[in-house]
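So the chains spell out like this:
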Amino acid sequence: MENKPDNKQKGNRPKRGGRQNTANNKASNGGRRNNQPQAGLSVNGASVSRGAAVRAQKRSQADAQRVANQYAAANPQAAKETRRANFIDDSPRLKVIGLGGFDGGGSKNMVLIEYMNDAVIIDCGNDLGVDLPGVNYGIADTTYLESIRHKLRAYIITHGHLDHIGGLPHIVPRFPAPVYGSRFTIGMIEKIFENFGLPMPDGFELQTIVMNEETHERLKVGPFFVELVRITHSIPGSTCVVLDTPAGRIINTGDFRLDPNPLDHERSDTERLKELGNEGVLLLMSDSTTSDRPGRTPSESTIEPTFVDLFGRAPGRVFIALFSSNINRIQMLVNAATQHGRKIAMDGRSMMSTLEVAVKLGMIRIPKGTFVPIANVPNMKDDEIVVISTGAQGEPSSALQRMASGDHKYVKLKSQDTVILSSTPIPETGNDKLIGDMVDNLMKMGVHVFRHDHREVDGCGPLHVSGHASMDEYAEMIEMTKPKFFMPIYGAYRSKHYHIETAVRTGVVSRKNCLNAGNGQVVAFTPDTMEVIGEVPHGTILVDQTGALVNSVVVKDRVLLAEEGLVAVVLTVDKKGGVLLTSPDIISRGFIYMRDNEELMNGLRIELRRAVAQRFKRIDLDRFKVELKDHITHYLFEQTQRSPIVIPVVNVVGGKGEAKTAQTVHTANQNATGEQAEKTPEQVAAEQQQRFQRMRERLLGQDARVD
């Protein structure tokens, strides 16, 4: 999240005197201005105008809105206009629309391919980098899909990472269509639906179609033909999507690297990519995550010797944190542990789910007896165990962090343990600070820590290899496929810009045939042209920990609460007399500590009493609450230069409802002879006080003066 400017302007308070001029004017007019009654409340001795307080509050709200807008849903007006026009283009042009993945670090990846009355979606991921209170991740806004749901024929998935499949459980049930992918990718998709916490719509059934990338199988989907081509990445079953359309051939690379020696021996099918290029490719859409990294990405096989070395010289237990989907790396750890006679325990729900799919599909080789339950670790000798867990990015709730803090059910890290972080910070997430803090805490405990980016200092070999290509590999992909048009995808704008520069340097594609498109832009293709013809509604839908959607208004309020806090004021007012029946109750959360600010709170209570006396009987209740909120906001800004969320609660006692309550009590107090007992004034006062106390307890639920 970007740092937000400080708009509180402490130290820039307006000069005193404005209030005095107003008072003099009112005195000369007999207490009225232009012979009109007083229009509202004012703060005694205020040195800040009401306008300044209102402007400060608006600035706070604008700041919160800007933060929320980083992950905003589609613009409502744009969505309304799109639904009305339906964005129908019946001309025989192919439309490519990025609903996600064309900005930021490349997340919630989702590309729509539309041709006349048919459409397919390539990838449907989520964004785990959302940094907002109470928000777990974001998915692509599907407003535009509402208008073309009748066209949708398929979801085609490149690989099984969450930024490519995490949106499926939310979107597929609303816009049903078969899901195509490799064997492992479909296994991951079925697992994510199985573990999804919310119920599916009645009658919905996930339909998946496994494609064989080894045999170059081609399936017809509407007017399109789909083929998957094997590509190397950091998860098994990764593929390029080849889509033959009436306008020409499209290739979406998915995430990739061109590893010449992967551990599973499933090298990228470069021969098929060259064949496709020779046959003719209209458009190449290529992953751009690390397009500014020179050279080539090292082979995954280069890091296995490091694990063998560290396992051999570790003085005690070994803990390894890595990305949960990296099955090849887990295979390396199994090999190294077996070589040194160590057993393996594993923790982390996502890692266990991925391993379950890999074992089921025969994609990992584990000698019998290698794995032991995590509960057995405390009872094993230190030099006999390796623990594989999540937490490579310093996630606060990860298994490694819980082991370090002592919150894990079975395992607690101790001095002389060895922790290996087999990863680097994910780009665009700001995880560097989380990882750094975690390493600090581990070192304070006497734990030996090894990191890839500090391997020379730590005295070890490489511990991580990126799953993404470097510049030479990106250039090779372009040279193999020979596209007429080129659109970099799945990356930040600057990454896509560098990718275009690489494409132009290859000489394969001209600069005028390259496009750095943004989310929502509609790019139309014919066999000879590429043109941006409009924009569809796009944005981010936020999801909480339960899987439920979070409204952007709620997000804005949460940001305001986090920045400014909240003040709630509860008044109990006599309807007939228009006076307070109890002292105002004030609740502060995240604003100030009330016990340290008694003078401020007492001053606020005085202002509240004056507000009730001046205005309650002169205006209706709704208007009184509006004026009261403005008055409190003004007073608090005057005293603190801060604008918390203000919630006034006005409880009016008296009238018909109160008379009815009094009559009930009166009847209940008849004596045993049937005669009605008269109450003394002291009894009536005591009962009324008890009712007020019960009412306050219901309203507050706690001592209002304790923060």
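What counts, and at which threshold
- Residues numbered from 1 in each chain as written.
- Predicted model: local features only at pLDDT ≥ 70, side-chain atom pairs only at ≥ 80, totals over all residues.
- Heavy atoms only, no water.
- Helix = DSSP H or I, 4+ residues; strand = E, 2+ residues; numbered from the N terminus.
- Buried < 20%, exposed > 50% of the residue type's maximum accessible area, 1.4 Å probe, protein only.
- Contact = heavy atoms within 4.5 Å.
- Areas by Shrake-Rupley, 256 points an atom, 1.4 Å probe, with all protein chains shown as cover.
- Pairing = 2+ DSSP bridges.
- Expected span 1.5 Å × (residues − 1).
- Axes fitted to C-alpha atoms, helices over the stretch in contact; angles between N-to-C directions.
- Left-handed = near helix turned anticlockwise from the far one by under 90°.
- Nonpolar A, V, L, I, M, F, W, Y, C, P; charged D, E, K, R; others polar.
- pLDDT = per-residue confidence, 0-100.
- 1 Å grid on protein atoms, 1.4 Å probe; cavity = no way out; pocket = protein on both sides within 12 Å on 5 of 7 lines; lining within 4 Å.
- Points joined across faces, edges and corners; volume = space filled by probe spheres on them.
- Phe/Tyr/Trp six-rings, centres within 6.5 Å; stacked < 30°, edge-to-face > 60°.
- Lys NZ or Arg CZ within 6 Å of the ring centre and 35° of its normal.
- Core = buried A, V, L, I, M, F, W, Y, C linked by side-chain atoms within 4.5 Å.
- Salt bridge = Lys/Arg side-chain N within 4 Å of Asp/Glu carboxyl O.
- Right-handed = clockwise from strand over helix to strand, strands pointing away.

Chemist: Please set out the overall build of the protein residue by residue, giving values where relevant.
Modeler: The secondary structure content of the protein amounts to 21 helices and 26 strands. Burial statistics for the protein: of 707 residues in total, 51% are counted as buried. Long-range contacts, defined here as pairs at least 24 residues apart, represent 73% of the contacts in the protein between residues at least 6 apart. About 32200 Å² of surface is accessible on the protein, with carbon and sulfur atoms providing 49% of the total.

Chemist: Could you give an account of the pairing of strand β24 (residues 566–574), with specific residues and numbers?
Modeler: Most of β24 sits out of view: 8 of its 9 residues are buried. Note: β24 against strand β25 (residues 585–589), 5 bridges, orientation antiparallel. Looking at β25, one finds that Val569 is bridged to Ile586.

Chemist: Describe helix α11 (residues 349–360), naming the residues involved and giving the relevant values.
Modeler: With 12 residues, α11 extends 17 Å between its outermost C-alpha atoms, agreeing within 8% with the 16 Å of an ideal straight helix rising 1.5 Å per residue. Listing the buried residues of α11 in full gives Met351, Ser353, Thr354, Leu355, Val357 and Ala358. Each element contacted by the buried residues of α11 is listed here: α7 (183–194), α10 (327–339), β15 (343–347) and β16 (385–389). Gly362 lies just past α11 and shows a positive phi near 70 degrees.

Chemist: With reference to specific residues and values, describe the packing of helix α9 (residues 304–313) against α10.
Modeler: Packed helices, taken two at a time, are described by their axes: the angle between them and the distance between them. Their axes nearest at 9 Å, the elements α9 and α10 cross at an angle of 35 degrees. Considering how the two elements wind past one another, α9 and α10 form a crossing that is right-handed. Contact with α9, carried on its side by Glu304, Phe307, Val308 and Phe311, involves Arg329, Met332, Leu333, Asn335, Ala336, Ala337 and Gln339 of α10 and no other residues of that element. In terms of residue class, the contact of α9 with α10 is built from 7 nonpolar, 2 polar and 2 charged.

Chemist: Can you tell me about the confidence of the model for the protein, naming the residues and giving the values?
Modeler: Counting all residues, the mean pLDDT for the protein is 83, and 79% of those residues have values of 70 or more. Within the model, the stretch residues 1–46 combines pLDDT values under 50 with 65 contacts to residues more than four positions away or in other chains. Predicted confidence for residues 656–676 stays below pLDDT 50, and this span has 15 contacts to residues more than four positions away or in other chains.

Chemist: Any chance you could break down empty space enclosed by the protein for me, citing the residues and the numbers?
Modeler: Evaluation of the coordinates by the stated rule reveals 2 cavities of 30 Å³ or more. In this structure, the largest cavity spans a volume of roughly 100 Å³. For the largest cavity, the full set of lining residues is Arg230, Ile231, Thr232, His233, Ile235, Pro236, Gly237, Ser238, Pro262, Asp264, Glu266 and Asn328. Counted by class, the lining of the largest cavity contains 4 nonpolar, 5 polar and 3 charged residues.

Chemist: An account of the packing of aromatic side chains is requested, with residue identities and associated values reported.
Modeler: The final tally for this structure, using the stated rule, is 4 aromatic pairs. Measuring from ring centre to ring centre gives 6.4 Å for Phe193 and Phe204, while their planes differ by 25 degrees; the resulting arrangement is stacked. On the criterion of sequence distance, the pair formed by Phe193 in helix α7 and Phe204 in the loop between α7 and β8 (208–210) is long-range, its members being 11 residues apart. Of the two residues, Phe193 and Phe204, both sit in the buried class. Between Phe616 and Phe624, the ring centres sit 5.5 Å apart and the planes meet at 85 degrees, which makes this aromatic pair edge-to-face. Assigned by exposure class, Phe616 and Phe624 land together as buried. The side chain of Lys220 reaches across the aromatic face of Phe225, ending 5.9 Å from its centre.

Chemist: Can you tell me about the sheet that holds strand β21 (residues 530–535), naming the residues and giving the values?
Modeler: The sheet built from 8 strands is open, its strands ordered β8-β7-β6-β3-β2-β1-β20-β21 with mixed pairing. Sheet topology places β8 and β21 at the edges, where each strand pairs with a single neighbour. Each neighbouring strand pair of the sheet contributes to a mean axis angle of 25 degrees, computed without reference to strand direction.

Chemist: Tell me about the sheet that holds β24, residues and numbers included.
Modeler: Spatially, the 3 strands line up as an open sheet ordered β25-β24-β26, and their pairing is mixed. The open sheet terminates on both sides in strands that have one partner only, identified here as β25 and β26 (645–653). Across the sheet, the mean angle from the axis of one strand to that of its neighbour is 15 degrees, orientation sign disregarded. Two elements, β24 and β26, share 9 bridges in a ladder whose sense is parallel. Residue pairing across strands places Val573 opposite Val652, the latter belonging to β26. Lying over the sheet, helix α19 (residues 621–640) contacts β24 and β26, oriented at roughly 140 degrees with respect to β26.

Chemist: Kindly report on the nonpolar core, identifying the contributing residues and their values.
Modeler: Nonpolar side chains in soluble globular proteins tend to be buried together. Within the largest apolar cluster, 66 residues are counted, with the highest numbers of intra-cluster contacts made by Leu145, Tyr155, Leu168, Phe311, Ile330 and Ile420. In terms of residues, this core owes the most to one element, α10, which gives 7 residues. Not counting the four nearest positions on each side in its chain, Ile420 is found in contact with Phe307, Leu310, Phe311, Val318, Phe319, Ile320, Ala321, Phe450 and Leu463. Counting 32 residues, the second-largest nonpolar core is a separate cluster that includes Ala154, Met211, Val226 and Val241.

Chemist: Report on the pattern of salt bridges, specifying residues and quantitative values.
Modeler: Taken as a whole and assessed by the stated rule, the structure comprises 29 salt bridges. Between Arg272 and Glu275 there is a salt bridge, and its shortest N-O distance comes to 2.9 Å. Here Arg272 and its partner Glu275 are both found in helix α8 (residues 270–279), 3 residues apart, which amounts to about one turn of the helix. Arg272 sits in the buried class, given a relative accessible area of 10%. Glu275 sits in the partly exposed class, given a relative accessible area of 39%. Linked by salt bridges that have partners in common, Arg218, Glu227, Asp244, Arg249, Arg272, Glu275 and Glu279 make up one network.

Chemist: Quick rundown of the environment of Val652? Include the residues and the values.
Modeler: The residue Val652 is located in strand β26 in this model. In this structure the C-alpha to C-alpha distance between Val652 and Lys575, which are 77 residues apart in sequence, comes to 5.7 Å.

Chemist: Explain the environment of Thr572 to me, using residue names and the numbers behind them.
Modeler: Along the chain, the position of Thr572 falls in strand β24. Between the C-alpha atoms of Thr572 and Val653, which are 81 residues apart in sequence, the distance is 6.9 Å. When sequence neighbours within four positions are dropped, the list of residues in contact with Thr572 reads Val579, Leu580, Leu581, Thr582, Asn651 and Val653.

Chemist: Any chance you could break down the pairing of strand β12 (residues 248–252) for me, citing the residues and the numbers?
Modeler: Counting buried residues in β12 gives 4 out of 5 residues, a clear majority hidden from the surface. The pairing of strand β11 (residues 239–245) with β12 spans 5 bridges and is classified as antiparallel. Note that in β12 the partner of Asp244 across the bridge is Arg249. Adjacent in sequence and paired antiparallel, β11 and β12 are bridged by 2 residues. Sheet topology note: the β12/strand β13 (residues 281–287) ladder contains 3 bridges and is parallel. Among the inter-strand pairings, Asn252 is bridged to a residue of β13, identified as Met285. Tracing the backbone out of β12, into α8 and back to the parallel element β13 gives a crossover that is right-handed.

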